[in-house]
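# An overview of the molecular structure
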Amino acid sequence: MKHVLTVGGVDVTPYIKARGYTWTKNALHSDKTGRTKDGKARVDKITDKLTLEYELGETPVDVLSAIEAVLMQQTFQATGYGVGGSFSKEFYCSTFAPKASVITEDHEVWEGVSFTIIEV
């Protein structure tokens, strides 16, 4: 299996669902970007930033807690693989949404956890 994602030293790869990974590059533009009076676009692109969305399958609660602890930090390091090849970048988490499947006194199962990380 190819290494897809590690956040703050926690390997998330084994828990990512099939088709549970979306890679988006977003262009950042300067304040010089806009339209001229005749409607023609004037683009002053600064850089591209990644937005990565993941959906996890069944994940042990201790692993999920470790992932959440990293994602709730102001920023964190993430390494992995995507359309542009391997990456190691600083991110922040914009959304973290775990879904409980079973919670009893003796057993916890979390599945369908989704989160979005955005490059700083």
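Below or above, wherever it landed, is the structure these notes cover.

Examined against the element boundaries, Thr-13 turns out to sit in the loop between strand E2 (10-11) and strand E3 (16-29). Overall, Thr-13 belongs to the buried group, its relative accessible area being 7%. Separated by 88 residues in the primary sequence, Thr-13 and Ser-101 have C-alpha atoms spaced 20 Å apart.

A separate point is unusual backbone geometry. Despite not being glycine, Arg-19 has its phi angle at roughly 60 degrees, a positive value. You can see Arg-19 is positioned in strand E3. A residue is classified by how much of its surface remains accessible, and Arg-19, at 82% relative accessible area, is exposed.

So, about the packing of aromatic side chains. Where two aromatic rings form a pair, the distance of their centres and the angle of their planes describe that pair. Taken as a whole and judged by the stated rule, the model has four aromatic pairs. Ring geometry for Tyr-21 versus Tyr-54: centroids 4.7 Å apart, planes at 10 degrees, classification stacked. Within this pair, whereas Tyr-21 is found in strand E3, its partner Tyr-54 is found in strand E6 (residues 45-56), the two being separated by 33 residues in sequence. A network of ring pairs unites the aromatic residues Tyr-21, Tyr-54 and Phe-115 as a single cluster.

With that out of the way, let us pick up the pattern of salt bridges. Here the structure, examined in full by the defined rule, presents four salt bridges. For Glu-55, the salt bridge goes to Lys-17, with nearest N and O atoms at 3.2 Å. Of the two residues, Glu-55 sits in strand E6 while Lys-17 sits in strand E3, which places them 38 residues apart along the sequence. A network of salt bridges, in which partner residues are shared, links Lys-49, Lys-89 and Glu-119.

What counts, and at which threshold
- Residues numbered from 1 in each chain as written.
- Predicted model: local features only at pLDDT ≥ 70, side-chain atom pairs only at ≥ 80, totals over all residues.
- Heavy atoms only, no water.
- Helix = DSSP H or I, 4+ residues; strand = E, 2+ residues; numbered from the N terminus.
- Buried < 20%, exposed > 50% of the residue type's maximum accessible area, 1.4 Å probe, protein only.
- Phe/Tyr/Trp six-rings, centres within 6.5 Å; stacked < 30°, edge-to-face > 60°.
- Salt bridge = Lys/Arg side-chain N within 4 Å of Asp/Glu carboxyl O.

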